[in-house]
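Results of the structural survey
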Amino acid sequence: MIGIATAVDVADLKETTLLNMGIFGLFVAVTMVIVLRASRNNKTAADYYAAGRSFTGSQNGTAIAGDYLSAASFLGITGAIAINGYDGFMYSIGFLVAWLVALLLVAELLRNTGKFTMADVLSFRLKQRPVRIAAAISTLAVCFFYLLAQMAGAGSLISLLLGISDWGGQALVIIVVGALMIMYVLIGGMKGTTWVQIIKAILLIAGAAVMTFWVLAIYGFNLSDLLGGAVQTSGNSNMLNPGLQYGKTETSKLDFMSLALALVLGTAALPHVLMRFYTVPTAKEARKSVVWSIGLIGLFYLFTLVLGYGAAALVGAETIKSAPGGVNSAAPLLAFHLGGPLLLGFISAVAFATILAVVAGLTITAAASFAHDIYASVISKGKADADTEVKVARRTVVVIGVMAILGGIFANGQNVAFLVALAFAVAASANLPTIVYSLFWRRFTTQGAVWSMYGGLGSAIILIAFSPVVSGLKTSMIPGANFAFFPLSNPGIVSIPLAFLLGWLGTVLDKKREDSAKQAEMEVRSLTGVGAEKAVDH
Amino acid sequence: MGNDAHTPDAAASVDFEQVQSTERFQELRKRHRSFVFPMAVAFLLWYFAYVLLADYAVEFMSTKVWGNINVGLILGLLQFISTFAITGWYVSYSNRKLDPIAAEIRNEIEGHEFDKDGNILSGVTK
């Protein structure tokens, strides 16, 4: 049956809407119950933010995989490969290799030095106020971009399930779905979220494994035949070669480099991933979590290769592009082609849980960062009690959630993996230089940190605002306007080196020296784990 | 405990500069850096070599090796393999070379703390 590409009829989808939604709703209800049960134990700030530091390395590793394998990985990469072939595979590779930066340079040292948030580490031996504020602002910015991508993904998915293809209807879907997710976070806290991540990671990887097996079985477990099928359906022999999307001009080639740089350096600077290292009791468990998550994530990205080319061969790029949800609908359409409404319902539910869990992780990180770093440490100067801090965190959840919903409405229709890559670029520019310098460079000063963080954050955001992503093209967020002067769609290649440069420059030009005792303390703590917070007993 | 503008000062009375200058700590630091730095440089070079090939050597990457499987796909899959290999290598290195010496230093410092004021280090003291 090689090469038989029966296109999925989107009209079939509408007939099974009720069934799709039924299976989907059941799953959402089950996860809600789990969150409610888990949240009974949320008593202290350590519980709400760091789940009482009570998770084991393998549990946490699965949760990290759950956090990391967002809609971008499942919907975004599958869609990117299905439409752009080999260039889409670049996301899989960049997203995975990036974990080595986290494993080798960041995870354990960070676990040993901090408590709740990224700012704890960055401000350890520098001046508290300016560094903490800068770190909190960049955390909020990264979370916003990441959230916006997830909201757009949720919009695509539900629109496909309900068969809604007009802009207003999809916007309404994003608002309802976004509101639902925010409620979920308000109730659950970190512990509930961690359990959802774990369950969802297992279901997502299992679902992707079943689909991968199924697709391979259709092609007699011959990868070469599957690739051949993708070429045949698309009628484009370049599906298997690099350059289909990014090889057109010199500018687009540079854009590819920029994307590659942002992907590989972004992961170790994502605040919501960094915060996960605090949910384990020791650095050794932090290392175990990373190893575990590298295994799971790597496995999953191998599946995306088969799923992406499978969707290209069995569903076809044209059908995917014209379906509600566009490029992001490749994976659900493939599920529908393989197993009808039952598999579609299951896969969509898993994808939705994926988005829900990632949104929860992100909003908690953003809220913790605002409440812990700006409110508790700066505004109330350390006088706020834990209850007030958690209350402020919950209000922050609502504010950031509303902003992400609005952003998601405008970003609707863009590839989710592409949008997440923007969050990676912002994270790599704003956070990574300061993380690396403060862990490894003795001379590093407050001025260096502040210059690097604001310089990296500011340049990344400004370049995105004036890039073709926002205006100037038919596919832009604001298609009518044109104020784009930066030609690349990912700012990483400019903003990341700039942030490293500013960190160095700010330090060497700083006349003030930092406290060498604090530097010694940070170095000893980070390498040995002396005095690191242990698990909270209940 | 929600208002920790400063890190827990459970080990505040420890003279970290003194610990930092000990030979054993310097050895730990050296072992850590002499592994992670060269390894980080190596995998980043390998990753960017791959990206540059995909970007600017399309002909080469499109060379068919076996059936529809081309050089690009093989190099891409090798990125997966090298990532898994480096992860395994680092874990075994840490278990053998870093963890024992780190535990030794930690026990020494924390033991010293116990003698002095009888507090458990993991607790927050203020």
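Residues numbered from 1 in each chain as written. Chains lettered and ligands numbered in written order. Predicted model: local features only at pLDDT ≥ 70, side-chain atom pairs only at ≥ 80, totals over all residues. Heavy atoms only, no water.

Overview of the interface of chain B and chain A
Between chain B and chain A, the residue contacts involve 63 residues of the former and 76 residues of the latter. When chain B packs against chain A, close to 6100 Å² is buried across both sides, 68% of that on carbon and sulfur atoms. Of all residues in chain B, Phe 16, Tyr 47 and Phe 80 of chain B give up the largest surface area on contact with chain A, accounting jointly for 11% of the area buried on that side. Seen at the junction of chain B and chain A, the total is four salt bridges. Looking at the side of chain B that touches chain A, the elements that each hand over two or more residues are α1 (16-21), α2 (23-56), α3 (58-61), β2 (69-70) and α4 (71-117) of chain B. Here the side of chain B that touches chain A is composed, by residue class, of 37 nonpolar, 18 polar and eight charged. (Contact = heavy atoms within 4.5 Å. Buried area = accessible area lost by both parts, 1.4 Å probe. Salt bridge = Lys/Arg side-chain N within 4 Å of Asp/Glu carboxyl O. Helix = DSSP H or I, 4+ residues; strand = E, 2+ residues; numbered from the N terminus. Nonpolar A, V, L, I, M, F, W, Y, C, P; charged D, E, K, R; others polar.)

Describing the pattern of salt bridges
All names here are of chain A. Applying the stated criterion across every chain yields a total of 14 salt bridges over all chains. The shortest N-O distance in the salt bridge between Arg 132 and Asp 120 comes to 3.2 Å. Note that Arg 132 is positioned in helix α8 (residues 128-162) and Asp 120 in helix α7 (residues 118-122), a separation of twelve residues in sequence. The two residues Arg 132 and Asp 120 agree in class, both being buried. Here Lys 518 and Glu 521 are joined by a salt bridge, their closest N and O atoms 3.7 Å apart. Of the two residues, Lys 518 and Glu 521 are both situated in helix α21 (residues 516-528); the distance of three residues between them amounts to about one turn of the helix. Classification of Lys 518 by relative accessible area gives partly exposed; the value is 25%. (Buried < 20%, exposed > 50% of the residue type's maximum accessible area, 1.4 Å probe, protein only.)

Examining the nonpolar core
Tyr 68, Tyr 91, Trp 99, Tyr 301 and Tyr 309 of chain A together with Tyr 47 of chain B are the most contacted members of the largest nonpolar core, which totals 217 residues. Looking at this core element by element, the count peaks at 27 residues for helix α15 (residues 330-379) of chain A. If we ignore the near neighbours within four places in the chain, the residues touching Tyr 309 of chain A are Ile 81, Gly 85, Tyr 86, Leu 226, Leu 227, Ala 230, Met 239 and Leu 240 of chain A. (Core = buried A, V, L, I, M, F, W, Y, C linked by side-chain atoms within 4.5 Å.)

Considerations on empty space enclosed by the protein
All names here are of chain A. Following the criterion strictly, the structure yields five cavities of 30 Å³ or more and no others. Of the voids in this model, the largest cavity is the one considered here, and its volume is about 60 Å³. Arg 125, Tyr 437, Ser 438, Leu 439, Phe 440, Trp 441, Arg 442, Gln 519, Met 522, Glu 523 and Ser 526 are the residues that line the largest cavity. Among the elements of the structure, α18 (432-440) and α21 are those that each provide at least two residues to the lining of the largest cavity. For the lining of the largest cavity, the residue count by class is five nonpolar, three polar and three charged. (1 Å grid on protein atoms, 1.4 Å probe; cavity = no way out; pocket = protein on both sides within 12 Å on 5 of 7 lines; lining within 4 Å. Points joined across faces, edges and corners; volume = space filled by probe spheres on them.)

Things to note about a nonpolar patch on the surface
Residue and element names in this part refer to chain A. Nonpolar side chains collect at one region of the surface, where Trp 451, Leu 498, Leu 501, Trp 504, Leu 505, Val 508 and Leu 509 lie side by side and expose about 590 Å² of accessible area between them. Broken down by element, the residue count for the nonpolar patch peaks at five residues, all from helix α20 (residues 492-508). Relative to the helices and strands, Trp 504 is located in helix α20. Here Trp 504 falls in the partly exposed class, since its relative accessible area comes to 40%. (Patch = residues over 30% accessible without salt bridge, like charges linked within 9 Å, V, L, I, M, F, W, Y side chains within 5 Å. Areas by Shrake-Rupley, 256 points an atom, 1.4 Å probe, with all protein chains shown as cover.)

A look at the layout of surface pockets
For the largest pocket, the calculated volume is near 1400 Å³. Those elements giving two or more residues to the lining of the largest pocket turn out to be α5 (71-84), α9 (167-218), α10 (223-234), α11 (250-266), α14 (317-322) and α16 (386-411) of chain A. Along the lines of polarity and charge, the residues of the lining of the largest pocket split into 21 nonpolar, 20 polar and six charged. Put simply, the second largest pocket is a space of about 420 Å³. Forming the boundary of the second largest pocket are 30 residues, of which Asn 112, Ala 283, Lys 284 and Thr 528 of chain A together with Arg 106 of chain B lie nearest the centre. If you list the elements that add at least two residues to the lining of the second largest pocket, you get α6 (86-113), α13 (283-314) and α21 of chain A together with α2 and α4 of chain B. Take the lining of the second largest pocket: its biggest share by element is nine residues, from α6 of chain A.

Some words on the confidence of the model for chain B
Residue and element names in this part refer to chain B. Of the residues in chain B, 79% reach a pLDDT of 70 or more, and the chain-wide mean stands at 81. Mean pLDDT values for the elements of chain B range from 85 in α4 up to 94 in α2. Ignoring residues within four places in sequence, the model shows residues 1-10, a span with pLDDT below 50, making 30 contacts including any to other chains. Of the regions scoring below 50 in pLDDT, residues 113-126 engages in 19 contacts with residues more than four places distant in sequence or in other chains. (pLDDT = per-residue confidence, 0-100.)

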